[in-house]
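# Structural features, examined
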Amino acid sequence: MGRYTVRMIEWGASVYLKTLSLWNAIDVIQETFETDVITKKVFLKHLEELIDQIPSFGEISTAFKPRRSGYYAFDGTWLKYRGTDLVLLICFDVETLDLI
């Protein structure tokens, strides 16, 4: 990660997930350190490196061997992105609450 620690990038990622805005996350990071400590381009590069380390659903299933009940439910959250309505659908096992 070079000049930035993994912990700092993970904290920045959590700020991004809470604000759902890259610009707000950068503002919070820069306000916290009271300096222009990181640019959007550099932050995105580090986020991509962090995301690449997250295991895939297949790798997680192989490691934890989840049990599926066969009863599934869907849930959705409506979002508006650039004037377009989108829905994020999530499928999960109703007994184990595992994401499918």
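Before reading further, recall that the structure is shown in the block above.
Just so you know, these numbers come straight off a predicted model, no measurement behind them.

## Some thoughts on the pattern of salt bridges
Oppositely charged side chains may form a pair once their charged atoms are brought near each other. Across all of its chains, the model carries 3 salt bridges by this definition. The closest approach of N and O atoms between Lys45 and Glu49, which form a salt bridge, is 3.3 Å. Residue Lys45 and its partner Glu49 are located together in helix α3 (residues 40-52), separated by 4 residues, close to a single helical turn. For Lys45, a relative accessible area of 43% corresponds to the partly exposed category. For Arg68, the salt bridge goes to Asp98, with nearest N and O atoms at 3.4 Å. With Arg68 in the loop between α4 (57-64) and β1 (72-81) and Asp98 in the segment after β2 (84-93), the pair connects residues that are 30 residues apart, well separated along the chain.

## Quick notes on the nonpolar core
Tyr4, Met8, Ile9, Ile29, Val37, Ile38 and Phe43 are the most contacted members of the largest nonpolar core, which totals 14 residues. For this core, the secondary-structure elements that each account for two or more residues are α1 (6-19), α2 (22-33) and α3. Filtering out sequence-adjacent residues up to four positions away, Ile38 remains in contact with Tyr4, Ile9, Ile26, Ile29, Gln30, Phe43 and His46.

Basis of the calculations
Residues numbered from 1 in each chain as written. Predicted model: local features only at pLDDT ≥ 70, side-chain atom pairs only at ≥ 80, totals over all residues. Heavy atoms only, no water. Salt bridge = Lys/Arg side-chain N within 4 Å of Asp/Glu carboxyl O. Helix = DSSP H or I, 4+ residues; strand = E, 2+ residues; numbered from the N terminus. Buried < 20%, exposed > 50% of the residue type's maximum accessible area, 1.4 Å probe, protein only. Core = buried A, V, L, I, M, F, W, Y, C linked by side-chain atoms within 4.5 Å. Contact = heavy atoms within 4.5 Å.

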